[in-house]
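So the chains spell out like this:
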Amino acid sequence: LTGMGRRRLRFHILHPFREKGAIQKVQSAVQELMEKRQLLEALRQELRNMPDLERLVSRISGGISTPKDLLQVRRALEALEKIKELLRDMDSASLRESLIDQYEAKLRKETGIQSLKIGFNRVMGYYIEVTKPNLKYVPSYFRRRQTLSNAERFTTDYLQELEEKILSAQSKINNLEYELFIALRERVIKRLEELAHNARLIGWLDYLQSLSSIALEKGWVRPQIVEEKVLHIQEGRHPVIEEHVKTYCPNDTHMDEESLIYIITGPNMAGKSSYIRQTAILTLLAHMGSFIPCKSARIGLVSSIHARIGSGDILALGVSTFMNEMLEVSSILHNADERSLIVLDEVGRGTSTYDGIAISKAIVEYILENIRARTLIATHYLELTEINKRGVKNYHMAVSKEGEDINFLYLLKPGRAEGSFGVRVAKKAGLPEKVIKRAEEVLLELEASRTLPVLERVYEESQREEERQLLEELIELDIANLTPLQALIKLAELKEKAISLRKTKV
């Protein structure tokens, strides 16, 4: 609600607490304000009227303050008194308008000219203006100063005396006012340290009340902060995304030494990136002393949060998208420690598939063996799910399949995804049917070429003639030239043969 509070909030987003005691101190203050709702609302009302005391202190100490700034200081001090009380329970009329109007009325009475008026401009100063039909009534002591098309302007000795008095009096007023201002400013300067201290306290109070207000409004809960290297969040929600969707699917996170690295697979739009960002944001909020959107949470202290999300090249420096990505990952691997939280989104996608898989796999193994930080990795590379080492867990974002269509469930489930469903996502996005059909044909060809070496190896290892015949039939199958119906019929035949072989083997 104040500039001081906004700067404090920004500071703690960028510099969250790293000590358990500091976090719990903030949490307790937030909880107390939540429990005393009337006090919280009264504080918010006073803070709405609070000027930016920090900026005022800066202007005054820099010698560039104005009288308006000192008025703002007064407002701030008045608000401070009210806030302290709450926390104990947890320009005048000018000389011209005094004198000139009186003289104008006097002249109208003496001359009988009711349209007579006294005016002022910067060139002539004060003047008496009389319209031409009334010139015959002008007394002899009026001295002509200017002739206009329908009127003439005059002055008198007395009017000139008044002008001199007014102008000199205004000058004296200005000088006196400035002297008073300087004296007052000097008094304020002597108390600047106290003002600055109060400004810091108000910023801190505003920060605390903002955390309380959002927790009350959104129903957030207090996370338990522990020393162990764990990250347990039950039914966590992304605080931004849930504001923009009607129904939000919460997800759990259970990380410890046995579940140190999450490999998360699934199609585009299924929620992989949102989930890993959600986990990082909730961890950050908890380290700010904030309550978080979840059912319950037990969060082990984190020393730093490292994220590699999004892509972009830096053309001015001749840095490609992939090079920029690698630079960021390099920084993470050199600076993260075992108490860090690392979030990696689609690392390696900026280069060829095999290069990307190789780099991603090496990064996961390096983190596991050398850093041992809690890490969440969203990827399309299903090959990463083959890392069978203690501490690495596979999860996927669930989807439901209805014929040729898929629906995103946004639920995190154990195990690897069935596939990326890229062509189906493209179809859902509305690509032309011709493009979709051709993509399916190319995909079948690529999958066939990738599967053949595997089948050939199994063929060589097969002991029985029946198995060899079945595998040979599979290898020689021309998938690219089969219609969908023919493919289904052939698949059914092969399945029957495989079932028969299994029964015989048993």
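A brief structural summary. (Residues numbered from 1 in each chain as written. Predicted model: local features only at pLDDT ≥ 70, side-chain atom pairs only at ≥ 80, totals over all residues. Heavy atoms only, no water.)

### Thoughts on the overall build of the protein
- Within the protein, the regular secondary structure consists of 15 helices and 14 strands.
- Taking all 506 residues of the protein together, the buried fraction comes to 39%.
- About 29500 Å² of surface is accessible on the protein, with carbon and sulfur atoms providing 53% of the total. (Helix = DSSP H or I, 4+ residues; strand = E, 2+ residues; numbered from the N terminus. Buried < 20%, exposed > 50% of the residue type's maximum accessible area, 1.4 Å probe, protein only. Areas by Shrake-Rupley, 256 points an atom, 1.4 Å probe, with all protein chains shown as cover.)

### Structural notes on the sheet that holds strand β6 (residues 231-236)
- Judged by pairing direction, the sheet is mixed, and its four strands sit side by side in the order β5-β9-β6-β7 without closing on themselves. The sheet is open, and its two borders are formed by β5 (224-226) and β7 (251-255), each paired with just one other strand. Going from strand to strand, the sheet's axes swing by 15° on average, the running direction of each strand aside.
- Of the strand pairs in this sheet, β6 and β7 are connected by four bridges, and their pairing is antiparallel. Bridge pairing links leucine 231 to methionine 255 in β7. (Pairing = 2+ DSSP bridges. Axes fitted to C-alpha atoms, helices over the stretch in contact; angles between N-to-C directions.)

### Points about a nonpolar patch on the surface
- The grouping of Leu9, Ile13 and Leu14 at the surface amounts to a nonpolar patch, some 250 Å² of accessible area in total.
- Looking at where leucine 9 falls in the secondary structure, it is placed in helix α1 (residues 3-14).
- The exposure class assigned to leucine 9 is partly exposed, which follows from its relative accessible area of 30%. (Patch = residues over 30% accessible without salt bridge, like charges linked within 9 Å, V, L, I, M, F, W, Y side chains within 5 Å. Salt bridge = Lys/Arg side-chain N within 4 Å of Asp/Glu carboxyl O.)

### Describing the nonpolar core
- Core analysis: the largest hydrophobic core is formed by 67 residues, its most contacted members being Met50, Leu53, Tyr262, Ile264, Ile292 and Leu376.
- Residues within four places of isoleucine 292 in sequence aside, it is in contact with Trp220, Val221, Pro223, Leu282, Leu285, Ala286, Ala297 and Ile299.
- Membership of the second largest hydrophobic core comes to 23 residues, among which are Ile332, Leu333, Ile367 and Tyr381. (Core = buried A, V, L, I, M, F, W, Y, C linked by side-chain atoms within 4.5 Å. Contact = heavy atoms within 4.5 Å.)

### Some points on the packing of aromatic side chains
- Evaluated as defined, the whole model comprises six aromatic pairs.
- For the pair phenylalanine 142 and phenylalanine 154, a centre-to-centre distance of 5.8 Å together with 50° between the ring planes defines the contact as tilted. Remark: phenylalanine 154 occurs in strand β4 (residues 151-155) and phenylalanine 142 occurs in the loop between β2 (125-131) and β3 (143-147); sequence separation between them is 12 residues. Both residues of the pair, phenylalanine 142 and phenylalanine 154, belong to the buried class.
- Through successive ring pairs, a cluster of aromatic residues spans Tyr141, Phe142 and Phe154.
- The aromatic ring of tyrosine 127 is capped on one face by arginine 153, whose charged end is 4.1 Å from the ring centroid. (Phe/Tyr/Trp six-rings, centres within 6.5 Å; stacked < 30°, edge-to-face > 60°. Lys NZ or Arg CZ within 6 Å of the ring centre and 35° of its normal.)

### Describing the environment of isoleucine 166
- Turning to its location among the elements, isoleucine 166 is positioned in helix α7 (residues 157-190).
- Take isoleucine 166: its relative accessible area is 7%, and that puts it in the buried class.
- The spatial distance from the C-alpha of isoleucine 166 to the C-alpha of isoleucine 100 is 9.3 Å, given a sequence separation of 66 residues.

### Some words on the sheet that holds strand β10 (residues 305-308)
- Across the sheet, which stays open at both edges, the six strands sit in the order β10-β11-β12-β8-β13-β14 with mixed pairing between neighbours. The sheet is open, and its two edges are formed by β10 and β14 (405-414), each paired on a single side. If you compare each strand with its neighbour and ignore which way they point, the axes differ by 15° on average.
- As judged from the four bridges shared by strand β8 (residues 259-265) and strand β12 (residues 374-378), these two strands associate in the parallel manner. Directly across from tyrosine 262, in β12, lies its bridge partner leucine 376.
- Along the sheet face, helix α9 (residues 272-287) touches β8, β10, β11 (341-345), β12, β13 (391-402) and β14 and points at about 160° away from the line of β11.
- On the sheet, helix α10 (residues 321-335) packs against β10 and β11 and is oriented at approximately 160° with respect to β10.

### Some words on α9
- With 16 residues, α9 ought to run about 22 Å at 1.5 Å a step, and its terminal C-alpha atoms sit 23 Å apart, in line with that.
- The complete set of buried residues in α9 reads Lys272, Tyr275, Ile276, Gln278, Thr279, Ala280, Leu282, Thr283, Leu285, Ala286 and His287.
- One or two positions beyond α9, positive phi appears at glycine 289, with a value near 90°. (Expected span 1.5 Å × (residues − 1).)

### Thoughts on the environment of glutamate 193
- As for its position among the elements, glutamate 193 is in helix α8 (residues 192-218).
- Residue class for glutamate 193 comes out exposed when judged on its relative accessible area of 57%.

### Focus: the packing of helix α2 (residues 20-35) against α8
- Interaxial distance between α2 and α8 falls to 8 Å at its minimum, and their mutual angle equals 60°. Classified by chirality, the crossing of α8 by α2 is right-handed. In contact with Val26, Ala29, Val30, Leu33 and Met34 of α2, α8 contributes Trp204, Tyr207, Leu208, Gln209, Leu211, Ser212, Ala215 and Leu216.
- Tallied by class, the residues present in the contact of α2 with α8 amount to 11 nonpolar, two polar and no charged. (Left-handed = near helix turned anticlockwise from the far one by under 90°. Nonpolar A, V, L, I, M, F, W, Y, C, P; charged D, E, K, R; others polar.)

### A few points about the pattern of salt bridges
- In the structure shown here, the tally under the stated rule is 24 salt bridges.
- A salt bridge links lysine 36 to glutamate 32, with the nearest nitrogen and oxygen atoms 2.9 Å apart.
- Residue glutamate 32 is classed as partly exposed on the basis of its relative accessible area, which comes to 30%.
- The shortest N-O distance in the salt bridge between glutamate 129 and lysine 117 comes to 3.9 Å. One end of the pair, glutamate 129, is in strand β2; the other, lysine 117, is in strand β1 (residues 117-121), and 12 residues separate them in sequence.
- The partly exposed category is assigned to lysine 117, whose relative accessible area is 43%.
- Each of the salt bridges in this network shares a partner with another, and the network as a whole consists of Arg7, Asp52 and Glu54.

### Observations regarding the side chain of threonine 379
- With respect to the secondary-structure elements, threonine 379 resides in the loop between β12 and β13.
- Threonine 379 gets classed as buried once you look at its relative accessible area, which sits at 2%.
- In terms of polar contacts, threonine 379 uses its side chain to reach the backbone amide nitrogen of tyrosine 381, at 2.9 Å.
- Leave out the neighbours within four places in its chain, and threonine 379 touches Ile263, Ile264, Thr265, Gly266, Lys272, Glu346 and Leu384. (Polar contact = N/O pair within 3.5 Å; in protein donor to acceptor, adjacent residues only side chain to side chain.)

### Focus: unusual backbone geometry
- A positive phi angle is found at glutamate 235, which is not glycine, with a value near 55°.
- Classification of glutamate 235 as partly exposed rests on a relative accessible area of 35%.

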